[in-house]
Amino acid sequence: MPQPPAAPDFIANARLPRWLLPTDWPTDHAGPALALLELAQGRVTRTSPITGTVRVTGQGWDVQGAPVLPGMVDAHTHLDKAFILPRMGAVKPGLLGAIDAVIGDRAHWTHADLRERAERGLQWAWEAGTTHLRTHIDWWDPSAPPLAWEVIAELAAEWRGRVRLEQVALIKLGLFQDRDEAQALARRVAATGPHALLGGFVHSSNWDANALRHLVHAAQAVDLDLDLHVDEELNPGAQGLAFIALLLRDIGFTGRVVCGHNCALAAQPEDQALATLDAVARAPITLVSLPITNLLLQDAVTGRTPRLRGLMLVKEARERGIPLLFASDNVQDPFCRVGSLDPLEAMQAATLAGQLDTPFDTWSDALCRADWLQRQPLARATLDGANADLVVFTASDAHAWPSRTAPRVVLRNGRPLIP
Ligand SMILES: [Zn+2]
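Residues numbered from 1 in each chain as written. Predicted model: local features only at pLDDT ≥ 70, side-chain atom pairs only at ≥ 80, totals over all residues. Heavy atoms only, no water.

Chemist: Explanation requested: the sheet that holds strand β16 (residues 390-392) in the structure shown.
Modeler: Two strands in a sheet stick together by hydrogen bonds in their backbones, pointing the same way (parallel) or opposite ways (antiparallel). Judged by pairing direction, the sheet is antiparallel, and its four strands sit side by side in the order β7-β16-β17-β18 without closing on themselves. Two strands bound the open sheet, and with one partner strand each, they are β7 (68-70) and β18 (415-417). Taking the axes of each pair of neighbouring strands and ignoring which way they run, one obtains an average angle of 30° across the sheet. Pairing geometry for β16 and strand β17 (residues 409-412), over three bridges, is antiparallel. Directly across from Val392, in β17, lies its bridge partner Val409. Against the sheet, helix α2 (residues 111-128) contacts β16, β17 and β18, and its axis sits at roughly 95° relative to β17. (Pairing = 2+ DSSP bridges. Helix = DSSP H or I, 4+ residues; strand = E, 2+ residues; numbered from the N terminus. Axes fitted to C-alpha atoms, helices over the stretch in contact; angles between N-to-C directions. Contact = heavy atoms within 4.5 Å.)

Chemist: Teacher, can you tell me more about the coordination of the zinc ion here?
Modeler: Each pair of donors in an ideal four-coordinate tetrahedral metal site encloses 109.5 degrees, whereas pairs in an ideal six-coordinate octahedral site enclose 90 or 180 degrees. Coordination of the zinc ion by the protein is provided by His76 (NE2), His78 (NE2), His229 (NE2) and Asp329 (OD), with metal-donor distances spanning 2.0 to 2.5 Å. Every donor counted, the four donor atoms about the zinc ion form angles of 86 to 177° at the centre, which fits irregular coordination. For the zinc ion, the donor residues sit on a single chain with the sequence spacing H-x1-H-x150-H-x99-D. With His229 in strand β12 (residues 226-230) and Asp329 in the loop between β15 (324-326) and α10 (343-353), this residue pair connects regions lying 100 residues apart in the sequence. Like Asp329, His229 is buried. (Donors = N, O, S within 2.8 Å, 3.2 Å for Na, K, Ca; no water. Tetrahedral: all angles 85-135°; square planar, octahedral: opposite > 155°, others 65-115°. Buried < 20%, exposed > 50% of the residue type's maximum accessible area, 1.4 Å probe, protein only.)

Chemist: Whenever I open this one, the pairing of strand β9 (residues 130-139) confuses me. Can you help?
Modeler: On a regular strand, each side chain points to the face opposite its neighbour's, so the side chains alternate between the two faces of the sheet. Judged by how many residues are buried, β9 sits mostly within the fold: 10 of 10 residues are covered. Pairing geometry for strand β8 (residues 72-77) and β9, over four bridges, is parallel. By the bridge assignment for β9, Val73 is matched with His132. A crossover connection joins β9 to the parallel strand β10 (residues 164-172) through helix α3 (residues 147-158); in handedness this β-α-β unit is right-handed. (Right-handed = clockwise from strand over helix to strand, strands pointing away.)

Chemist: In this structure, what is going on with the side chain of Arg408? I would like to understand it.
Modeler: Within the secondary structure, Arg408 sits in the loop between β16 and β17. Here the side chain of Arg408 touches Ala128 through a polar contact of 3.0 Å, landing on its backbone oxygen. A distance of 2.6 Å separates the side chain of Arg408 from the side chain of Asp342, its partner in a polar contact. With residues up to four places along the chain from it excluded, the contact list for Arg408 reads Met72, Ala128, Asp342, Leu344, Val391, Val392, Phe393 and Thr394. (Polar contact = N/O pair within 3.5 Å; in protein donor to acceptor, adjacent residues only side chain to side chain.)

Chemist: Looking at this model, I keep getting lost on the environment of Ile322. Mind explaining?
Modeler: Inspection of the secondary structure puts Ile322 in the loop between α9 (314-319) and β15. The class for Ile322 is buried, based on a relative accessible area of 2%. In this structure the C-alpha to C-alpha distance between Ile322 and Cys263, which are 59 residues apart in sequence, comes to 16 Å. For Ile322, the contacting residues outside a window of four places in its chain are Leu277, Val280, Ala281, Ile285, Leu287 and Ala317.

And the structure:
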């Protein structure tokens, strides 16, 4: 496929996913009609179906039916830990073993080390076509933020305009046991700026309903959004997600709440799991599924093939209209040996582990709907009038996507980004 001009005036024969098109968009047996995208001043000025002869002026690019997505969101990553695995010794399998291993590596987390690793991750994300990235940052001292918190705040300012970087304080639930300390932590996080969120690790090994209540109240008091690690385990007794859904309604929480992992749904009796999802839909909560790390960490025992896969109930969540995103999670650290901050890797894992039908037309919104992280999500996504931040999968097609998605051209504000 020929390369695009420096800033194309149009992209012809783009295959857009069904979720991004108006309901009256023409279709045939192969799916939605191909699209003509007209671009000017870094924006998509018009999207129209190609049904006959196309008349356009200027210099354009014919992508010959290649799948095209808007810029992507990677809703759940850990830039403070990324790339530490190659320098570490053997790590015990499973989630709790990985947590211990990271604590042992913290002695190396100087300003220069954190900056180099986090920036490498941002560069890879940017090259992949990500425009919005959210990272969790381990925060263990109640009286002061970790160095990584400051490094990420610096990078968020430096990368503005390339990758919108948000940072979530990932704090053990135990640090919220005291109501006043919980409030002080939330104030410290809020002081960082509007790109900061409060988070926590909610797991049956540290379950504390009061602490969780304090955490949510503290966020409400300073108007912070929440992003929590929830039920990342196969213990059917894990009750984090169900509890949070009820709590938010109880206290009339007004911010946006994101819950990641929710693996325990896969281990619980069907009726119970579905009732929890009904409550999540009413809350409302955005769910983030992290299929790569869940496949690696759930039911992980050395020398034994895993039987249980720990994928949250993504189809049942969709059926209930719950906003759902797939994201990268850990990259080359004790939680996950592989990874490259390319959201397509998470999509490939989800497609197989979740047996997803028509991934491009139906599920690719789970890589693109950054508005699902915001307080006021869009009623409907559209390209018309949006920034021309686009990802063109030049070697793939809408049927086989996400296969052959490595070769791609990323456009930012209408200009191809040449890494
Ligand atoms: Zn995580």
